[in-house]
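Reading the structure
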Amino acid sequence: MSIYLLIFLEFSKIGLLAVGGGLVTIPFLLDISERLGWFSAEQLTEMIAISQSIPGPIGNNIAMFAGFETAGFFGGLSAIIGLTVPAYLIISFVSKYIEKYYNHEIVQDCLFGMRAASVALIFTAGVEIAKLTITNTTLAIMFISSFIFIHFVKTNIFVYIIGSATLGILFKM
Amino acid sequence: MKLLGQIFWSFFKVTISSFGGGYVLIPLLQEEIVKKRGWISDEDLINYYALGQCTPGIISMNVAMFTGYKVKGKIGSMVGALAVSSPCLVFISLVCFFLKDYMENTYVQHAINGVKVFMVALILHTIIDLFKKSVKGKRGLCIFLISCLMAYPLEIGVAWIIISSAFLGYVFHFKSLVERFKK
């Protein structure tokens, strides 16, 4: 079997089983490295670190990276497609029914509960990310001043990104 | 066709300006998809985050596919997925071919750290906004607190938290209906 098809199948398995986002895929990738030896555990650690410093969803970056390390660009492409196809099929199915029954009272009640939980999960994830990111006083000052700026001054997001990158270099964050 | 192009461009833009994974995309999506394009409401966005966390796959991809579906059906959903995944094809290829050593450069790391701290501040700003919009009344607050408890000290899986909260949303409403009926 072609390596691309194998990569596609392995990653579609992850795409079907990993519920809860990008970081959930890591144990599956570790399993691939142990079972198939496409990449080593050390390589995986490096991939995770670099993926977090690249724009975009971490899970996508890691999958693309792993596929790339295994079989070049098209290996990465097969991994991404494999990861996406199961979610695509499930979401098409779910969306169709949600649209159909959106105004149904039970669906509305369930979504009400799910929204409250979703905000709670974003909150706890935010705290978790903050703990990992803000590790010294300079970063804490940067955090507080960024927050005040965003909350009261509305500008294009790109201005903020370039500004914070520049400050990061200037203050050696 | 124009609409599909807009879907692609919006999600592409949001993806390349986010550092640090799925949750960082929320404020950016709110700005681009809700406020600027007006394709979905804040409530929809949070619904999609909730659903995206209990359907398998990468959360931000799922949110993009739900939004795409709402705007333009199955093709819209596919374009959303394509837009979120295409930047990483480019970035990772660049890193693998040229930049692996460059990524460890201290200046690059300083710049990335600066942006990451900004992204955390952006998330905090958004959480305040979302809390006001999505956690309504005593019932909402109650579900919010239970979910926090399940997520943090108890470390229950994300999908289970969302599913049990859907159930709680139903039960709470049912209870208030019963009380109203008794009166």
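Residues numbered from 1 in each chain as written. Chains lettered and ligands numbered in written order. Predicted model: local features only at pLDDT ≥ 70, side-chain atom pairs only at ≥ 80, totals over all residues. Heavy atoms only, no water.

1. Details of the domain arrangement of chain A
When the parts of a complex come together, some accessible area is lost, and that lost area is often taken as the interface size. Under the convention used in this document: Domain limits in this description derive from either an automatic procedure or a database domain assignment.
Structurally, chain A comprises domain 1 (3-101) and domain 2 (106-170). Put simply, the middle of domain 1 of chain A and the middle of domain 2 of chain A, counted by C-alpha atoms, are 26 Å apart.

2. Concerning helix 2 (residues 25-35) of chain A
Residue and element names in this part refer to chain A. The test is simple: In this scheme, a residue with accessible area under 20% of its type's maximum is buried, one over 50% is exposed, and one in between is partly exposed, where area comes from a 1.4 Å probe on protein chains only. A run of DSSP states H or I qualifies as a helix once it reaches four residues; a run of E qualifies as a strand once it reaches two. Both are numbered from the N-terminal end. This arc is built from the directions going out from the helix axis to the C-beta atoms. Contacts are residue-level and defined by heavy atoms, with any inter-residue pair within 4.5 Å sufficient.
Regarding helix 2, the residues found buried are T25, I26, L29, I32 and S33. The arc that holds every buried residue of helix 2, seen down its axis, measures 115°, which confines them to one face. Relative to its buried face, helix 2 has exposed residues pointing more than 90 degrees away, namely P27 and E34. Packing partners of the buried residues in helix 2 comprise helix 1 (3-17), helix 3 (41-52) and helix 4 (58-101). Just beyond helix 2, the residue with positive phi is G37, at close to 65°.

3. Examining the interface of chain A and chain B
Our working definition: Accessible-area loss on putting two parts together, using a 1.4 Å probe and summing over both, is the definition of buried area adopted here. Basic side-chain nitrogens of Lys or Arg form a salt bridge, by our definition, when they fall within 4 Å of a carboxyl oxygen of Asp or Glu. Two N or O atoms count as a polar contact when they lie within 3.5 Å, although within protein this holds only if one can serve as hydrogen donor and the other as acceptor, and sequence-adjacent residues are included solely when both atoms are side-chain atoms. In the scheme used here, Gly and all other residues not listed as nonpolar or charged are polar, with Ala, Val, Leu, Ile, Met, Phe, Trp, Tyr, Cys and Pro taken as nonpolar and Asp, Glu, Lys and Arg as charged.
On the chain B side, the residues contacting the 84 residues of chain A number 92 residues. Here chain A meets chain B over a buried area of about 8,000 Å², counting both sides, of which 77% is carbon and sulfur. Linking chain A to chain B there are 1 salt bridge. Here A:R115 makes a salt bridge to B:E43, at a shortest N to O gap of 3.7 Å. Here chain A and chain B share 11 residue pairs in polar contact (both at pLDDT 80 or more) between them. Of all the elements in the fold, those that place two or more residues in the side of chain A that touches chain B are helix 1, helix 3, helix 4, helix 5 (105-133), helix 6 (137-152) and helix 7 (157-170) of chain A. With 25 residues, the single largest contributor to the side of chain A that touches chain B is helix 5 of chain A. Among the residues forming the side of chain A that touches chain B, the class breakdown is 50 nonpolar, 23 polar and 11 charged.

4. Comments concerning the pattern of salt bridges
Inspection of the entire model under this criterion finds 11 salt bridges over all chains. In this structure, B:K70 engages B:D44 in a salt bridge whose closest nitrogen and oxygen atoms are separated by 3.6 Å. Note that B:K70 is positioned in helix 4 (residues 59-99) and B:D44 in helix 3 (residues 42-54), a separation of 26 residues in sequence. A salt bridge links B:D129 to B:K133, with the nearest nitrogen and oxygen atoms 3.1 Å apart. With B:D129 and B:K133 both in helix 5 (residues 106-134) and 4 residues apart, this pair spans about one turn of that helix. Looking at B:K133, the relative accessible area reads 31%, which means it is partly exposed. Look at the salt bridges and you will find they share partners, linking A:E10, A:K13, A:D31 and A:R35 into a network.

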